[in-house]
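Results of the structural survey
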Amino acid sequence: MFSFSRMTRTLLALSLSCAGLGHALAASAPLPAMGFIASQQIRHIATYFPGRMAGSPAELIAAEYLNQQFTKLGYKSDLRGFDTRYLYTSSAGKKDWRNIHATSVIAARAGEVPQQIIVMAHFDTYVPQSDSDTNHNLGGLTLQGVDDNASGVGVMLELAERMQAIPTHYSLRFVALSAEETGTKGAEDFVNRMSAEEKKNTLLVINLSSLITGDRLYFNSGTNTSVAVEKLTRVRALNIARSLGIPAESHEGAHCCDGIKALDDARLPLLNVTATNFALGKKDGVQQRVITSHFPLGTTRYQSQFDNLQYLDKALPGRIEKRSRDTVKVLFPLLKDLAKPAKHA
């Protein structure tokens, strides 16, 4: 159902070779300040890959870009295609299934043992799922998806870059999921393809989603995550944030795992990192921030006119850089310590 002109497709392809970020190529050079890589990747992905809806040409080319970035960093990276579908509702109320072929990206590096830590973020943008969505300009080809979810992907890429030269006891896997915006099909596909041994060997999944728009930064554990793992992950993340003067909170409850419920259902230990405001609206995290004239719905999700670089830079100046910096400052030391505990240092 998606079609791009040949010129648009060519321009997107050129972005892979001509507009990629340079620090991934210069692995031996000192890394810039915390958060810089993430913020630059957020801006790059939003600018060059708008409308990266699951199954679209933009999604596939974005996946190729991410695969290229991981490969440059020395990870074993592959594209993982899968077939899925979503239900579309017409203005007359007619419902029909629309089939798509989505593409996720999975990068890995072996540690001393097969037990692994996974860092995950979805990179696809919202697919209009009804005539009403289209009429209200939700999703579509112009949606940059800065907050949802170039932000999570940018932080994931910086973590991958900072971890590339650090020997680890546990194996690392970085996963860029597609089809999150079509009913969380990406997470379901990922879990369904895991063997029983892989699930057993997964010590933690850190999921990154929508880090810019929300009032507050949250570190939440999965509902099926053990208290022992919570202390090592969520509690430690909050302690790191507190020590650095970074405002951060935790919200434990039914809405900890929206978008990655399949992982929680599979009883994989989770640390879900997002920015929203669980004190507002229905207290489910859907309303990301206090309603103002700049944010009349209290959220930017799926809205092309709000979830773009130009608007967010004007309404929330410096927010992209600040949230990138804050999130990396907390997660990098946490991930480094978890991947190589003191007794294995």
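For the structure, see preceding data.
The notes below deal with the structure included here.

Regarding its fold elements, the chain presents 12 helices and 7 strands. Over its C-alpha atoms the chain spans a radius of gyration of 19 Å, differing by no more than 12% from the 20 Å that the globule rule assigns to 345 residues. For the chain, with 345 residues in total, the buried portion stands at 56%. Considering only residue pairs separated by 6 or more positions, the chain has 78% of its internal contacts joining residues 24 or more positions apart. About 14,400 Å² of surface is accessible on the chain, with carbon and sulfur atoms providing 54% of the total.

In the contact formed by helix α9 (residues 234–243) and helix α12 (residues 319–339), the axes pass within 9 Å of each other and the chain directions differ by 135°. On the basis of the axis angle, α9 is oblique to α12. Note that α9 runs across α12; the crossing there is right-handed. Contact residues: Arg236, Ala237, Ile240 and Ala241 in α9; Lys329, Val330, Pro333, Leu334, Asp337 and Leu338 in α12. Looking at the contact of α9 with α12 residue by residue, the class counts come to 7 nonpolar, no polar and 3 charged.

All told, the structure shown has 13 salt bridges when counted by the stated rule. The closest approach of N and O atoms between Arg162 and Glu158, which form a salt bridge, is 2.7 Å. You can see Arg162 and its partner Glu158 sitting in helix α5 (residues 146–163), 4 residues apart, about one turn around the helix. We classify Glu158 as buried; its relative accessible area is 0%. Glu198 is paired through a salt bridge with Arg173; the nearest N and O atoms lie 3.8 Å apart. One end of the pair, Glu198, is in helix α7 (residues 196–201); the other, Arg173, is in strand β4 (residues 170–177), and 25 residues separate them in sequence.

This part is about helix α6 (residues 185–192). Those residues of α6 not exposed but buried are Gly186, Ala187, Asp189, Phe190 and Val191. On its buried face, α6 sits against β1 (76–89), β2 (95–109), β3 (113–122), β4, α7 and α10 (261–265).

What follows concerns the sheet that holds β1. With respect to topology, 7 strands assemble into an open sheet ordered β1-β2-β4-β3-β5-β7-β6, the strand pairing being mixed. Two strands in the sheet have a free side with no partner beyond their single neighbour: β1 and β6 (216–221). Ignoring strand direction, the axes of neighbouring strands in this sheet form an average angle of 20°. Seen against the sheet, α5 touches β2, β3, β4 and β5 (202–209) and runs at an angle of roughly 145° to β3. Across the sheet, α9 touches β6 and β7 (270–276), and the angle it forms with β6 is around 155°.

Examined against the element boundaries, Asp133 turns out to sit in helix α4 (residues 131–135). One buried charged residue, Asp133, forms no salt bridge at all, with the nearest opposite charge on Arg98 at 9.9 Å. Every residue in contact with Asp133, bar those within four places of it in the chain, is listed here: Tyr126, Val127, Pro128 and Leu138.

Burial runs high along β6: 5 of the 6 residues are buried. Relative to β7, β6 is paired through 6 bridges, and the arrangement is antiparallel. By the bridge assignment for β7, Tyr218 is matched with Thr274.

Time to look at the environment of Leu309. Mapped onto the elements, Leu309 comes out in helix α11 (residues 309–315). When the C-alpha positions of Leu309 and Ser243 are compared, they lie 31 Å apart, and in sequence the two are 66 residues distant. Leave out the neighbours within four places in its chain, and Leu309 touches Arg43, Ala46, Thr47, Gln144, Val146 and Ile320.

Right, let's get into the pairing of β7. Burial within β7 is extensive, with 7 of its 7 residues counted as buried. Side chains Leu270, Asn272, Thr274 and Thr276 project from β7 onto one buried face, and the interleaved Leu271, Val273 and Ala275 project onto a second face that is buried too.

In this section: the environment of His101. Along the chain, His101 falls in strand β2. Excluding its chain neighbours within four sequence positions, the residues that come into contact with His101 are Gly55, Glu59, Gly81, Phe82 and Asp83. Polar contacts involving the side chain of His101 include one to the side chain of Asp83, which spans 2.7 Å.

Attention now goes to the nonpolar core. With 61 residues, the main nonpolar core has Phe174, Leu208 and Leu331 as its most contacted residues. When neighbours within four sequence positions are excluded, Leu331 is seen to be in contact with Val155, Leu159, Ile206, Leu208, Phe219, Leu271 and Val273. Counting 17 residues, the second-largest nonpolar core is a separate cluster that includes Leu177, Ala187, Phe190 and Ala262.

About the thresholds
Residues numbered from 1 in each chain as written. Predicted model: local features only at pLDDT ≥ 70, side-chain atom pairs only at ≥ 80, totals over all residues. Heavy atoms only, no water. Helix = DSSP H or I, 4+ residues; strand = E, 2+ residues; numbered from the N terminus. Rg over C-alpha atoms; globule rule 2.2 N^0.38 Å. Buried < 20%, exposed > 50% of the residue type's maximum accessible area, 1.4 Å probe, protein only. Contact = heavy atoms within 4.5 Å. Areas by Shrake-Rupley, 256 points an atom, 1.4 Å probe, with all protein chains shown as cover. Axes fitted to C-alpha atoms, helices over the stretch in contact; angles between N-to-C directions. Parallel < 35°, antiparallel > 145°, perpendicular 65-115°, else oblique. Left-handed = near helix turned anticlockwise from the far one by under 90°. Nonpolar A, V, L, I, M, F, W, Y, C, P; charged D, E, K, R; others polar. Salt bridge = Lys/Arg side-chain N within 4 Å of Asp/Glu carboxyl O. Pairing = 2+ DSSP bridges. Lys, Arg positive; Asp, Glu negative; His and termini not counted. Polar contact = N/O pair within 3.5 Å; in protein donor to acceptor, adjacent residues only side chain to side chain. Core = buried A, V, L, I, M, F, W, Y, C linked by side-chain atoms within 4.5 Å.

On their own, these measurements won't tell you what the molecule is for.
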